[in-house]
Amino acid sequence: MRRDLPYALGGLALGVLLLGNAVLTPDAAPVEVLDVALVLAMAVGLAACRRYPVVALGVVTVAMLAVHVRVHPGVSAAFPVLGAVYVTAWQGRRWAAAVASLAFLGGFLAHDISMAPAGRPGQLVAERTALLLGWFVAANVAGLVARQRQAYLEQVEQRAIEAERTREEMALRRAGEERLRIARDLHDSLTHSISVIKVQAGIAVHLARKHGETPSPTLLAIQEASGAAMRELRTTLDVLRAPTDGDRVGLARVDELAERTRAVGVPVQVTVTGQRGNLPDEVDQAGYRVIQEALTNVARHAGPATAHIQVAYAPAQLTVAVIDDGQASPAEPPTPGVGLRGMRERVSALGGTLRAAAHDDHGFTVRATFPLDGCAVTARRGEEPG
């Protein structure tokens, strides 16, 4: 109804103009009740012109022809018809607009010729008719131009939407291509080497058993670790090829990780406190990776040591820690390597904090805390306290 309001106000304004012109024109007939009713019918027709253009155009044309015949207010009777013709042509009913224009012009001209005084020159009638003809041609053309412009703007908007959608699809496709490239590079660079390690370790175990010897625990640990690395690498490659959840590692497999670490000669204890809830996949996997990297550092740098894994579940946060009693001391702080930097980046990306420091006497602690605020994970970039 708000969109129809300008048409209704325009109809009322034209009606007032038409009646005022009829009163002020010297040769116009007196305005009667029927004439006022015809003007009101014109105003109603213009109010409904947007919804029912053809019907409204017919009502306005007939009403204005009747007013012109009865009152003869001059060219002001053509103004409402011009507005209705423009709206009808703008809505694509160009044939209806053309027929109404010809009908009004024909009736207007016929009445003027029939009512012209004997001494009135025909040039005045011809000039007024030519003026009205130009106005009606302009109204039809303006309506068609407005419709074409509207169609052009809609087409431009549709193209913009399509371009945005295409841009998003192209970005997703490029991301998929990049994942495939990374997967191929990882496969070419790592899978072959790990496979060779696993095969060689398997051959050494087989030969030892064939000669009646007990395989070395270190050799068995190498065989088991290479197999686990192959499985995790395949899972990672599958995720890169198709970004689905897959068989991701998580804190539920901490016992397997501890068992593999014991196999290489590092005693490991596992302590789990609290009740495990529905952890976000990113937090679950990040906690596992922090423990995995910390145990790797213990095996490589701590010397003869015992490791203690702590996993603490709480409603608002998750805490994982690896504590060892190795050779580290505050007097010789460790040089941050790729492992520590990777852990810090992984934890910080999930809004958590990582602390890695030596004990006062000897040993080292890696402790990571992840927030669980009910809205999954709040990503936060930046340096966290060490």
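Sequence order sets the numbering: in each chain, residues are counted from 1 along the sequence as written. Residues qualify for local features only when their pLDDT is at least 70, as the model is predicted, and side-chain atom pairs are given and counted only at 80 or more; totals for whole chains, interfaces and linings, by contrast, use all residues. With hydrogens and water stripped out, all remaining heavy atoms of the structure feed into the side-chain values.

> Before we move on, can you summarise the overall build of the protein with the specific residues and values?
A count of helical and extended segments in the protein gives 10 helices and five strands. Any two residues whose heavy atoms approach within 4.5 Å are treated as being in contact. If you take every contact in the protein between residues at least 6 apart in sequence, the share linking residues at least 24 apart comes to 73%. The accessible surface values rely on the Shrake-Rupley method and a 1.4 Å probe; as for residues, cover is taken only from the protein chains in view. Of the accessible surface of the protein, which amounts to about 22500 Å², a share of 60% is contributed by carbon and sulfur atoms. Comment: elements are numbered from the N terminus, with helices defined as DSSP H or I runs of at least four residues and strands as E runs of at least two.

> Residue-level account of helix 8 (residues 254-263), with values.
For helix 8, every residue scored as buried is listed here: Val254, Leu257, Ala258, Arg260 and Thr261. Down the axis of helix 8, the smallest arc covering the buried residues is 160 degrees, so these residues share one side. Positive backbone phi, at 100 degrees, marks Gly265, one or two positions downstream of helix 8. Summary of the burial criterion: residues with accessible area below 20% of their type's maximum are buried, those above 50% are exposed, and those between are partly exposed, where the area comes from a 1.4 Å probe applied to protein chains only. It is the directions from the helix axis to the C-beta atoms whose arc is reported.

> Any details on the packing of helix 3 (residues 53-70) against helix 4 (residues 78-90)? Residues and values, ideally.
Look at helix 3 against helix 4: their axes get within 9 Å of each other, and the N-to-C directions meet at 165 degrees. Our classification of the angle between helix 3 and helix 4 gives roughly antiparallel. As helix 3 packs across helix 4, the resulting crossing turns out to be left-handed. From helix 3, Pro53, Leu57, Val60, Thr61 and Met64 reach across to helix 4, where they touch Pro80, Val81, Ala84, Val85 and Thr88. Looking at side-chain class alone, the contact of helix 3 with helix 4 contains eight nonpolar, two polar and no charged residues. Lines fitted to C-alpha atoms define the axes, with helix axes restricted to the stretch in contact, and inter-axis angles between N-to-C directions lie between 0 and 180 degrees. For classification purposes, an angle smaller than 35 degrees is called roughly parallel, one larger than 145 roughly antiparallel, one from 65 to 115 roughly perpendicular, and anything else oblique. Here a crossing is taken to be left-handed if its near helix is turned anticlockwise relative to the far helix by less than a right angle, and right-handed if that turn runs clockwise. The nonpolar class holds Ala, Val, Leu, Ile, Met, Phe, Trp, Tyr, Cys and Pro. Asp, Glu, Lys and Arg form the charged class, and all remaining residues, Gly among them, are polar.

> I'd like to hear about the environment of Leu372, residue by residue, with values.
As for its position among the elements, Leu372 is in the segment after strand 5 (364-371). When the C-alpha positions of Leu372 and Gln317 are compared, they lie 4.7 Å apart, and in sequence the two are 55 residues distant. Excluding anything up to four places from it in sequence, Leu372 contacts Leu279, Pro280, Val283, Ala314, Pro315, Ala316, Gln317 and Leu318.

> How would you explain helix 2 (residues 33-47) if you had to name every residue and give the values?
Given the number of residues in a helix, its expected span is that number minus one, multiplied by 1.5 Å. Relative to the 21 Å expected for 15 residues at 1.5 Å per residue, helix 2 spans 21 Å between its end C-alpha atoms, a close match to the ideal helical length. For helix 2, every residue scored as buried is listed here: Asp35, Leu38, Val39, Met42, Ala43, Gly45, Leu46 and Ala47.

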